[in-house]
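Here is what each chain is made of, one letter per residue.
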Amino acid sequence: MEEVSKVTDTPLVRRLSWRGGQQQPVISVVKSKLRKNLTCSGTKVRKTLTSFFPVVRWLPKYKLKEYIWGDVMSGMIVGIILVPQAIAYCLLAGVEPIYGLYTSFYANIIYFLMGTSKHVSVGIFSLMSLMVGQTVDRELFLSGFDLNDDPTSKADGFNLTNDDPQTVDLMGMPCTKECYAISVAATITFLAGIYQIMMAVFQLGFVSVYLSAPMLDGFATGASFTILTVQAKYLLGLKIPRHHGYGTVPVTWFNIFANIQKTNVCDLITSAICISVLVAGKEIQDRYKDRLKIPLPTELVVVAGATLASHFGDLNARYSSSVSGHIPTGFIPPKVPAFSLMPRVALDAIPLAVISFAFTVSLSEMFAKKHGYTVRPNQEMVAIGLCNIIPSFFHCFTTSAALAKTMVKDSTGCQTQVSSLISALVVLLVLLFFAPFFHALQKCVLACIIIVSLRGALKKFKDVPAKWRASKNDAIVWLVTMFATALISVELGLLVGIIFSMVCIIFKTQSPKVSLLGRVSDTDIYEDLEEYTDLTPPPKVHIFRFQAPLYYANKESFLKSLYKAVGVEPFLELTKRRKAEKAKGKSSKQAKANANKKNGDVFIGPIHKELDFHTIILDCSAIPFIDSSGPATLKVLVKEYKDIGVSVLLACCNASLIDALKKAQVFGKNDREMSSLLFYSVHAAVLHAEQEHTAVAEGKSEDSLF
């Protein structure tokens, strides 16, 4: 008795009176926020501008002697890597090589001004290029263009205003296949950027929360396999149009094997040599990365060597090897995105916006944690949104942060986003002076660069057994997302992955871990009897822990698991008792009849068995929230067990649970039963249960004396 009073009547507990979630009126909150956000002052304007352009804050504090060498080195190296990749990824996007260089240039400049990460490299990303390319090819097909046409085999393959007889009307102007392709790409990029800005304005960054790491990994791996499949035809020199619709991977491989006899031997030999050199360079880089101060420029060496071999060997004319074609120098005049195309690509821009944002923010936060600084996710969304909106007027396509180039920046001494400015200058030099030299570069070489860059994603197949051992749920999410992305389509794979991962979470909450608890000797700590040894369950008290939210979808699971754990379902127990009482009444009448007959036989009726416990304590420490069905379930539970003489007590409830229980009057009117049902710890509830049981037992013994 004294121990209970010590636990339940301490100064701390007396001070913890429940206030019940006092909140300000909604109107006053709205008024105060409007007043705060709509007022204008010089200080607020400066703060807004520096928030919108973070470069204004950090550039004046730039430590020239300490940072400049690392930034220049990392910027030059990333720029050198970026040039061949920018040209190569245009194969995926279905546009001319010059647009990849434009995209890389503008994205680096804008992120330098607006990004909050010091290390992220923003530019062309293979996954974004693939998704843009699928939309571009679909729109070209629907507009009647011949997808088998290979304009790069002509002397002047690239010309926005050439005399190609196959044109369509776009915004009142005739548009060739090349013009239409970049118009579609720029339009979908513009819409993706608009979506990202809208997400930033309405604080919708939480959307990325639903993109779990296993789902994103599976999606990236499935997309990588799709990219490999799409590029495989270039390795063999086959002129096969890209498949439209679902099942790109199986259909493309079927078409490749159906046309395998048309393989261009020159392209095949070139591909074998390039892949061997690229893989060897990557393996040397991985093996001796601690000794090598800078990454090996393997891609640039392969591009330079292959371009020289193709030019002097005249491989395009002699062996019909497909080449990049003419790449002009300088910049094309800006052009407004085609508004007439927006309704047709509006849905395609949604996954682009979400994936681009998710990869950018996750990479920003990862490297910020590594180097001990913070990034602003909302500003990152604005930055990547404007990296898409502004370049879309300059014939560019969708960008995102890229892991491989970001890791190169980090490993080569990058200190700030000045390195992005240096990378943009390297691309600018190529745009102004060196772009035409890539005219003879074979497409199979570009495909080799793309495929070898997928090594990291494709190697994740080897990690599946480890994923399965670590978490079967995560492994299943990875496999389902990967197969859906590879075998159905990239967009549907993303949707399937999101839905399936959410279904897995719901399933886990519907079948959560439940346990009975026991006490650690000489302490007030209670833990799972199955997980730990040397625990003692309190006599005639069951302590039940439910490790999930309690809501409409799992309330039945909660009740069933509780009934199974304690071994008594109150409704069935009450039914048994009522049947026993009826049987007892009948047996007493039968006994009287037998006594009258004096036959000496004895009739024995059913005997009611007493329960081996008198209290159930619900440990609510692992219940983060409940909905309206949760309090109703607990209210019925308390009543039903009370009908069979068992008390149900609640312990370790958080503030939101207590508030919900009070509103549902689980503790009776005016919460008069709150002190006897709710306890701040399991131990306090156990002591109260023992005290109440002792008091009841003493009352019964006194009654028996009289």
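Residues numbered from 1 in each chain as written. Predicted model: local features only at pLDDT ≥ 70, side-chain atom pairs only at ≥ 80, totals over all residues. Heavy atoms only, no water.

Some points on the environment of Ile-617
Heads up, the condition is: Strands here mean DSSP runs of E at least two residues long; helices mean DSSP runs of H or I at least four residues long; both are numbered from the N terminus. Partly exposed residues are those whose accessible area sits between 20% and 50% of the maximum for their type, while under 20% is buried and over 50% is exposed, using a 1.4 Å probe and protein chains only. Working rule for contacts: check all heavy atoms of both residues, and any pair within 4.5 Å makes them a contact.
Relative to the assigned elements, Ile-617 resides in strand 9 (residues 615–619). Overall, the relative accessible area of 0% leaves Ile-617 in the buried class. For the pair Ile-617 and Val-686, spaced 69 residues apart in sequence, the C-alpha to C-alpha distance is 7.6 Å. Apart from the residues within four sequence positions on either side, Ile-617 is in contact with Val-541, His-542, Ile-543, Phe-544, Leu-649, Ala-651, Val-682, Ala-685 and Val-686.

Points about the UniProt feature "transmembrane region" (unreviewed entry) in the protein
We apply this condition: UniProt positions are given in the numbering used here, feature names are shortened, and annotations may be inferred rather than shown by experiment.
Per the UniProt annotation, the sites labelled "transmembrane region" (unreviewed entry) are residues 67–89, 109–132, 180–206, 218–236, 383–404, 416–434 and 478–503. Helix makes up 55% of residues 383–404 and strand 9%, and the two end C-alpha atoms of the span are 20 Å apart. Across residues 416–434, helical content stands at 89% and strand content at 0%; the span's end C-alpha atoms are separated by 28 Å.

Some words on the packing of aromatic side chains
Centre-to-centre distance and the angle between the planes together describe a pair of aromatic rings. Note the threshold: Between rings of Phe, Tyr and Trp, where Trp is taken as its six-membered ring, a pair exists when centres lie within 6.5 Å; planes separated by under 30 degrees are stacked, by over 60 edge-to-face, and by other angles tilted. In this scheme, Lys NZ or Arg CZ marks a charge over a ring once it lies within 6 Å of the ring centre and within 35 degrees of the ring normal.
Under the counting rule described, the total for this entry stands at 20 aromatic pairs. With a centroid separation of 6.5 Å and 65 degrees between ring planes, the pair formed by Phe-433 and Phe-434 is classed as edge-to-face. Look at Phe-434 and you get partly exposed, because its relative accessible area is 44%. Connected via pairs of aromatic rings, a cluster forms that spans Tyr-99, Tyr-102, Phe-105, Tyr-106, Phe-331 and Phe-394. The cationic tip of Lys-118 hangs over the ring face of Tyr-373; the distance from NZ or CZ to the ring centre is 4.8 Å.

Observations regarding a nonpolar patch on the surface
To keep things clear, this is the line we draw: Each patch is built from salt-bridge-free residues with over 30% relative accessible area, joining like charges within 9 Å and nonpolar side chains (Val, Leu, Ile, Met, Phe, Trp, Tyr) within 5 Å. Residue burial considers only the protein chains on display, and all accessible areas are found by Shrake-Rupley using a 1.4 Å probe. Salt bridge, as used here: a side-chain nitrogen of Lys or Arg that lies within 4 Å of a carboxyl oxygen of Asp or Glu.
There is a patch of nonpolar side chains on the surface, built from Phe-331, Leu-429, Leu-432, Phe-433, Phe-434 and Phe-437 and spanning about 620 Å² of accessible area. Inspection of the secondary structure puts Leu-429 in helix 18 (residues 418–434).

Thoughts on a positive patch on the surface
Threshold: Counted charges follow a simple rule, with Lys and Arg positive, Asp and Glu negative, and His plus the chain ends left uncounted. Every charge is mapped onto a representative atom, which is NZ of Lys, CZ of Arg, CG of Asp or CD of Glu.
There is a patch of like positive charges on the surface, built from Lys-47, Arg-57, Lys-61 and Arg-376. As for its placement among the helices and strands, Lys-47 is situated in helix 4 (residues 42–52).

Quick word on the pairing of strand 10 (residues 647–651)
For clarity, the threshold we go by: Whether two strands pair depends on DSSP finding at least two bridges between them. The path from the first strand over the helix to the second decides the hand: if it runs clockwise while the strands point away from the viewer, the crossover is right-handed.
Most of strand 10 sits out of view: 4 of its 5 residues are buried. With 5 bridges connecting them, strand 9 and strand 10 associate as parallel partners. Along strand 10, the bridge assignment pairs Leu-618 with Leu-650. Note on the crossover from strand 9 through helix 26 (residues 629–643) to strand 10: the handedness is right-handed.

Observations regarding the packing of helix 15 (residues 342–371) against helix 17 (residues 403–411)
Basically, it comes down to this: All axes are obtained by fitting lines to C-alpha atoms, using only the stretch in contact for helices, and the reported angles, taken between N-to-C directions, cover 0 to 180 degrees. Orientation labels follow simple angle bins: below 35 degrees gives roughly parallel, above 145 gives roughly antiparallel, 65 to 115 gives roughly perpendicular, and whatever is left gives oblique. Helix crossings are classified by the rotation of the near helix relative to the far one: an anticlockwise turn of less than a right angle makes the crossing left-handed, while a clockwise turn makes it right-handed. Note on residue classes: Ala, Val, Leu, Ile, Met, Phe, Trp, Tyr, Cys and Pro are nonpolar, Asp, Glu, Lys and Arg are charged, and everything else, Gly too, is polar.
One can describe the packing of helix 15 onto helix 17 by two numbers: an axis separation of 11 Å at closest approach and a directional angle of 20 degrees. Relative to helix 17, the element helix 15 is oriented roughly parallel. Two packed elements cross with a definite hand, and for helix 15 against helix 17 that hand is right-handed. Where helix 15 approaches helix 17, its residues Leu-363, Met-366, Phe-367, Lys-370 and His-371 are matched on the opposing element by Leu-403, Thr-406, Met-407 and Asp-410. When grouped by side-chain class, the residues that make up the contact of helix 15 with helix 17 number 5 nonpolar, 2 polar and 2 charged.

Notes on the nonpolar core
Stated precisely, the cut-off is as follows: We call a set of buried Ala, Val, Leu, Ile, Met, Phe, Trp, Tyr and Cys residues a nonpolar core when their side-chain atoms join them within 4.5 Å.
Judged by nonpolar contacts, the single largest core of 113 residues is most densely connected at Val-95, Leu-101, Leu-127, Tyr-180 and Phe-397. Sequence-distant contacts of Leu-127, that is, excluding residues within four places in its chain, are made with Phe-219, Ala-223, Ile-227, Ile-355, Phe-359 and Val-490. Leu-559, Leu-562, Tyr-641 and Phe-667 belong to the second largest nonpolar core, which has 48 residues in total.

A few points about helix 7 (residues 97–114)
Note the cut-off: One less than the residue count of a helix, multiplied by 1.5 Å, gives the span that helix is expected to have.
Taking 1.5 Å per residue, 18 residues should reach 26 Å; helix 7 reaches 27 Å between its end C-alpha atoms and fits that length. Taken across its 18 residues, helix 7 has 16 buried, putting it largely inside the fold.

Concerning the environment of Asp-286
What counts here: Whenever two N or O atoms come within 3.5 Å, that pair is a polar contact, provided that in protein one can donate a hydrogen and the other can accept it, and provided that, for residues adjacent in sequence, both atoms are side-chain atoms.
Within the secondary structure layout, Asp-286 lies in helix 12 (residues 265–287). Residue classification places Asp-286 among the partly exposed residues on the basis of a relative accessible area of 39%. One polar contact links Asp-286 to Arg-455, side chain to side chain, over a distance of 3.4 Å.

With respect to the state of the cysteines
Short version of the rule: Cysteine sulfur atoms that pair up within 2.5 Å are treated as a disulfide.
Applying the stated rule across the entire model yields 1 disulfide. The disulfide that involves Cys-175 links it to Cys-179, with 2.1 Å between the sulfurs. As the torsion about the S-S bond is roughly -110 degrees, the Cys-175-Cys-179 disulfide counts as left-handed. The cysteine Cys-90 is free of any disulfide, with Cys-396 supplying the nearest cysteine sulfur at 9.9 Å. No disulfide involves Cys-266; its nearest neighbouring cysteine sulfur is the one of Cys-444, lying 7.0 Å away. Take Cys-266: its relative accessible area is 13%, and that puts it in the buried class.

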